[in-house]
Amino acid sequence: MVTAPGPERSDAGQQTPAAQGSMTRRRFLAVSTVSAVATACAGPLRVLSPSPGSPSPGSVPPGSVSPAGPASSPSASLSGASVVPVSPGVGRAGSRRTLYRRGALADGRSPQLELPVSILVEEGRIAWIRPADAEEDPGTRDGLEIVDASGATFVPAMVDCHSHLTGPGGAHWIERFSDPPEQLVATAEHNGSIALASGVRWIRDVGSPSGVDPVDGRDRALSLGVRDRWRGRRDRPYVRAAGNWIFGGGISVVAHGVQASNGDELVAAAMGQLDDGADLVKLYLDGPDPARSPWSVDEVRRVVEAVHGRGARITAHSGRLDGARVGAEAAVDSLEHGFELDEDVARAMLTNGVRLISTLAVMRSWLTFGRTTDLERFATPAGETVIRDRLARAEESVRLAHRAGVPVSTGTDFGGGSLRANQLAWEVESLVAAGLEPWEALAAATWRGGELLGEADAGTIREGGPADFFLVHGDPLSEPAALWRVWRVA
Ligand SMILES: [Zn+2]
């Protein structure tokens, strides 16, 4: 339905599908050879963003240890598979080891599946990835679980780059942010659980209401306490969180939002969020007058420098063109939504290293509300027309950015938008509908998210890396809906 970007185009630092495919294949075969030798073995308008902004890639404060989540480790996915030293027979009796045999692999770096592939996981890390016909000896069978993965596809665990942990989503998503702190924190626990089960391992929270945390007693953005409590847990996603949204003076889409009327207040508000423990800062570039950014380019540039000076990143909600222009020219790290970009803004984004975080499925969910609710802004012909026009404009914006070479990451906007925490597959489908190739859309929901977060392992499958992947039925490189058909999470 939408014209796709030419297959020959390539984003900065991104090879064309054809080039990547051949590279992947070549390296795969190289690995195969090595193993044989060595072992023989991603009104409505105004409504949209209740979710104030969104932050940019989670950042890790200098000197801090990986907030939630694994320690960083060497990198190289299968596509870049450097063979990590793994001795045959290394498996120890009693160690937790799982051998997944004969699945297909879709790593989001090429348009082609690799198959059949076997993967050995030891103590939560990928010991090796091999063509199924050249498996290494997994070692002792004691404690080894063998999973017949035939008919399933390995996919890197996804990175939801735009989400709101403390909100449940649904047709009254903004109202839900006014629920009491106890409810918001409980909502986050449910969101974390269902996100993980859907294949999401990393979550970037771009805004949460503040309140007194019922567990740690601190009065700050509630997502920060949730992040702290999930640190190091495998049964919850790894989190980078922005704290509260920073709105212009006179506007606060949610209760208890932080407001800044001028440049001084803006810097102070950003520093306040970082002092509270935020990993990144989220600005809201739609002002009281939607057609105008609440701050000037100079004011935003100043807060960008201040945040970067603290070793953190800064992102900006961009629902309207003027805010997008200001964010792009001021070189924030990323624009969230980017629903009204034009060619000039896309060019400025590329020049200034500003990434785009798409959230197209929000409008698609609103369209479903036209049938499942009796709310006027969704369920009337006029409401539907507004939403469809908005979606078409947003899809065009994604195409403009993508064609310009701007890296695209993606998120559900769950909680701050109407999606739920286990619906990132919907956004991948939406990116394909907007014109990205399926592998590019999968990249946006996996390793492009890792780039955004500055986490080399996020969204990748590589030897020596964490066993963060899931298995689906179908080929997401030709049919993105396959991502809904989750069989199991490694
Ligand atoms: Zn949002």
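(A) Highlighting the overall build of the protein. Along its length, the protein carries 15 helices and 19 strands. Within the protein, the fraction of its 490 residues that count as buried is 57%.

(B) Expanded view of the environment of Ser-210. The residue Ser-210 is located in strand E8 (residues 210-212) in this model. C-alpha of Ser-210 to C-alpha of Gly-243: the two residues are 33 residues apart in sequence and 8.0 Å apart in space. If sequence neighbours within four positions are ignored, Ser-210 has contacts with Asp-219, Arg-220, Ala-221, Leu-222, Asn-244 and His-256.

(C) Region of the structure containing the packing of helix H13 (residues 424-434) against helix H14 (residues 438-445). Closest axis-to-axis distance for the H13/H14 pair is 8 Å, and the angle between their directions is 140 degrees. As judged from the angle between their axes, H13 and H14 are oblique. Of the two possible hands of crossing, H13 and H14 adopt the one that is right-handed. Along its contact with H13, which presents Leu-424, Glu-427, Val-428, Leu-431 and Val-432, the element H14 presents Pro-438, Ala-441, Leu-442, Ala-444 and Ala-445. Here the contact of H13 with H14 is built from residues that sort into nine nonpolar, no polar and one charged.

(D) View of the environment of Ser-430. Relative to the assigned elements, Ser-430 resides in helix H13. Judged by C-beta crowding, with 26 C-beta atoms within 10 Å, Ser-430 ranks as buried. Sequence spacing of Ser-430 and Ala-441 is 11 residues, and the spatial spacing of their C-alpha atoms is 8.6 Å.

(E) Layout of the pairing of strand E15 (residues 334-337). For strand E14 (residues 313-318) and E15, the ladder comprises four bridges, and the chain directions are parallel. Of the residues in E15, the one forming a bridge with Ala-316 is Leu-335. Remark: the E14/helix H8 (residues 321-329)/E15 crossover connection has right-handed handedness. Here three bridges tie E15 to strand E16 (residues 355-358), and the two strands are oriented parallel to one another. In the strand pairing of E16, Leu-335 is matched with Leu-356. For the crossover that starts at E15, traverses helix H9 (residues 343-352) and ends in the parallel E16, the hand is right-handed.

(F) A look at the sheet that holds strand E6 (residues 158-163). Overall, parallel pairing links the three strands, which are arranged E6-E7-E10 in an open sheet. Edge positions in the sheet fall to E6 and strand E10 (238-241), since each of these pairs with one other strand and no more. Adjacent strand axes in the sheet meet at a mean angle of 15 degrees, parallel and antiparallel pairs treated alike.

(G) Molecular detail of unusual backbone geometry. Backbone torsion omega between Leu-115 and Pro-116 reads -10 degrees, so that peptide bond is classified as cis. One non-glycine residue, His-337, adopts positive backbone phi at about 75 degrees. Given 32 C-beta atoms within a 10 Å radius, His-337 is considered buried. Positive phi outside glycine occurs at Asp-413, with the angle close to 65 degrees. Locating Asp-413 in the fold gives a position in the loop between strand E17 (408-410) and H13.

Here is what the cut-offs are and how they apply
Residues numbered from 1 in each chain as written. Predicted model: local features only at pLDDT ≥ 70, side-chain atom pairs only at ≥ 80, totals over all residues. Helix = DSSP H or I, 4+ residues; strand = E, 2+ residues; numbered from the N terminus. Buried ≥ 20, exposed ≤ 12 C-beta atoms within 10 Å, placed from the backbone. Contact = placed C-beta atoms within 7 Å. Axes fitted to C-alpha atoms, helices over the stretch in contact; angles between N-to-C directions. Parallel < 35°, antiparallel > 145°, perpendicular 65-115°, else oblique. Left-handed = near helix turned anticlockwise from the far one by under 90°. Nonpolar A, V, L, I, M, F, W, Y, C, P; charged D, E, K, R; others polar. Pairing = 2+ DSSP bridges. Right-handed = clockwise from strand over helix to strand, strands pointing away.

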